[in-house]
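Notes for the structure review
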Amino acid sequence: MFEWIDSTIKSLDKEHKIQYFTPRNPKSTYSQANKERLKWLLVNKMIHSKFEDKIQNVLSDPFIFPDDIIDRLKEDEMAWMNFQCFSDAYKRIRIAYVEAARKRPEEFEKRLNNFINKTKENRIIKGFGGIEKYY
């Protein structure tokens, strides 16, 4: 049995994108980027009332910033200062992306170092599918 929906964004042309929705397996998890999209859609009243309760349930768990990642950011004064100025949604998406590689130490370090370097340069990492709209 499927619950709620999953979405995919594709380019229609140079100026427009299409977002379509498909059934979602209830055992699957939501990426932080998808949670941020859902928050944005909910705030902008673009969610059908039939699905609002299910979405609220998905969004009810608070995001916890891993201490070791925050500590690494704090090691570089400029990176930490810039990080604090980024939007909360951007912070959650990027930290979740780094955290997703936790079980692969080399990839985790690569992602973390890239994130710290970009943050130090005060550069936002653009994401796939126009996610920066939700930053």
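So, here's what we can say about the structure. (Residues numbered from 1 in each chain as written. Predicted model: local features only at pLDDT ≥ 70, side-chain atom pairs only at ≥ 80, totals over all residues. Heavy atoms only, no water.)

**Points about the pattern of salt bridges**
Scanning all chains against the criterion turns up nine salt bridges. Residues Arg102 and Glu99 are paired through a salt bridge, measuring 2.6 Å at the closest nitrogen-oxygen approach. On the accessibility criterion, Arg102 (31% relative accessible area) is partly exposed. According to the relative accessible area criterion, Glu99 is partly exposed, its value standing at 30%. Ionic pairing is found between Arg123 and Glu121, a salt bridge with its closest N-O pair at 3.2 Å. Classification of Arg123 as partly exposed rests on a relative accessible area of 44%. One network of salt bridges, with partners in common, ties together Glu36, Lys39 and Arg92. (Salt bridge = Lys/Arg side-chain N within 4 Å of Asp/Glu carboxyl O. Buried < 20%, exposed > 50% of the residue type's maximum accessible area, 1.4 Å probe, protein only.)

**Focus on unusual backbone geometry**
As a rule of thumb, non-glycine residues mostly have phi less than zero, and peptide bonds are mostly trans rather than cis. Look at Lys45: it is not a glycine, yet its phi comes out positive at around 50°. By the secondary structure assignment, Lys45 is in the loop between α1 (32-43) and α2 (49-59). In this structure, Asn122 is a non-glycine residue whose phi angle is positive, near 60°. Mapped onto the secondary structure, Asn122 falls in the segment after α6 (105-120). Looking at Asn122, the relative accessible area reads 46%, which means it is partly exposed. (Helix = DSSP H or I, 4+ residues; strand = E, 2+ residues; numbered from the N terminus.)

**Things to note about the nonpolar core**
In this structure, Leu73 and Phe115 are the most contacted members of the largest nonpolar core, which totals 19 residues. Looking at this core, the elements with two or more residues in it are α3 (67-75), α4 (77-85), α5 (88-99) and α6. Of all hydrophobic cores here, the second largest spans eight residues; its members include Tyr30, Leu41, Leu42 and Ile47. (Core = buried A, V, L, I, M, F, W, Y, C linked by side-chain atoms within 4.5 Å.)

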